[in-house]
Amino acid sequence: MPFDKRSKIEYNVYISNANGISIGHNCRINENVFIQQAIIGNNVLIAPNVAILSVSHNHENLEIPIVDQGDTEPNPPTIKDGVWLGRNVVVMPGITIGEGAIVGAGAVVTKDVAPFTIVGGVPAKFIKSRK
C-alpha cells in the first residue's frame, strides 16, 4: 500500500498485528486507538480511544480458568469506506461496518452495521438512516 499524505495517524496508536491490517487512503486515526487486526477502507474517521478487536478469549470450559483457555481464531473486522467511529467505540471481532455508517461515541458494536446508518449504545443499536 503506497503512502497517502492525506492520512493522519496521531500519537499512541497501537497496532497489535501489522500483518493483519489494511488501511485505505485519506484516513484519520486519532490518539490512543488500539487495533488488533482490521480491514479499514478509504476516508475513514476513527476518534480517540477506539478499540478494534480481532480476537477474544475462549471461555466455554467451566473447569478451566478463562486465562488458561487461549484466544479465539483471528477474525478481523471490516470497516468500509466513509465510516466514522466516535470516541471510545469498541468494535468486536468479525464485525462489518457498512459504507458511510456512523457509530456514536461509547458504542460497543457486536453486530454488523448496515451502510449509511447511525448506531449507538451498548450494545450498538440502529438510531437512524443517513439517507
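Preceding block: the structure.
Fair warning: this is a prediction, and the values are worked out from it, not measured in the lab.

Colleague: Provide a residue-level description of the overall build of the chain, including the pertinent values.
Modeller: Scanning the chain for helices and strands turns up zero helices and 16 strands. Against the globule reference of 14 Å for 131 residues, the chain gives a C-alpha radius of gyration of 15 Å, in line with a compact fold. In terms of overall dimensions, the chain has C-alpha extents of about 50 × 35 × 20 Å along its principal axes. Here the chain holds 131 residues, and 37% of them are scored as buried.

Colleague: Mind laying out the pairing of strand β16 (residues 125-129), listing which residues take part and the relevant values?
Modeller: Of all five residues that make up β16, zero are buried, and the element is exposed over most of its length. Pairing between strand β15 (residues 117-120) and β16: four bridges, direction antiparallel. Bridge assignment links G120 to a residue of β16, and that residue is K125. Between the antiparallel neighbours β15 and β16 lie four residues, among them G121 with a positive phi of about 100 degrees.

Colleague: Explain the pairing of β15 to me, using residue names and the numbers behind them.
Modeller: Here β15 shows two buried faces, one formed by T117 and V119 and the other by I118 and G120. With two bridges connecting them, strand β13 (residues 102-103) and β15 associate as parallel partners. Each bridged residue has a counterpart across the sheet, and for V103 the counterpart in β15 is V119.

Colleague: Go over the sheet that holds strand β6 (residues 38-40), please, and point to the residues and values.
Modeller: The four strands are arranged β3-β6-β9-β12 in an open sheet whose pairing can be described as parallel. Edge positions in the open sheet fall to β3 (21-23) and β12 (96-97), since each of these has one partner strand only. Summarising the sheet, β6 and strand β9 (residues 78-79) pair through two bridges and their orientation is parallel. Its bridge partner lying in β9, I39 is registered against T78.

Colleague: How would you sum up the environment of L85? Please name residues and give values.
Modeller: Considering the arrangement of structural elements, one finds L85 in strand β10 (residues 84-85). For L85, a relative accessible area of 0% puts it in the buried group. For L85 and V103, which are 18 residues apart along the polypeptide, the C-alpha to C-alpha distance reads 4.9 Å.

Quick notes on the rules
Residues numbered from 1 in each chain as written. Predicted model: local features only at pLDDT ≥ 70, side-chain atom pairs only at ≥ 80, totals over all residues. Heavy atoms only, no water. Helix = DSSP H or I, 4+ residues; strand = E, 2+ residues; numbered from the N terminus. Rg over C-alpha atoms; globule rule 2.2 N^0.38 Å. Buried < 20%, exposed > 50% of the residue type's maximum accessible area, 1.4 Å probe, protein only. Pairing = 2+ DSSP bridges.

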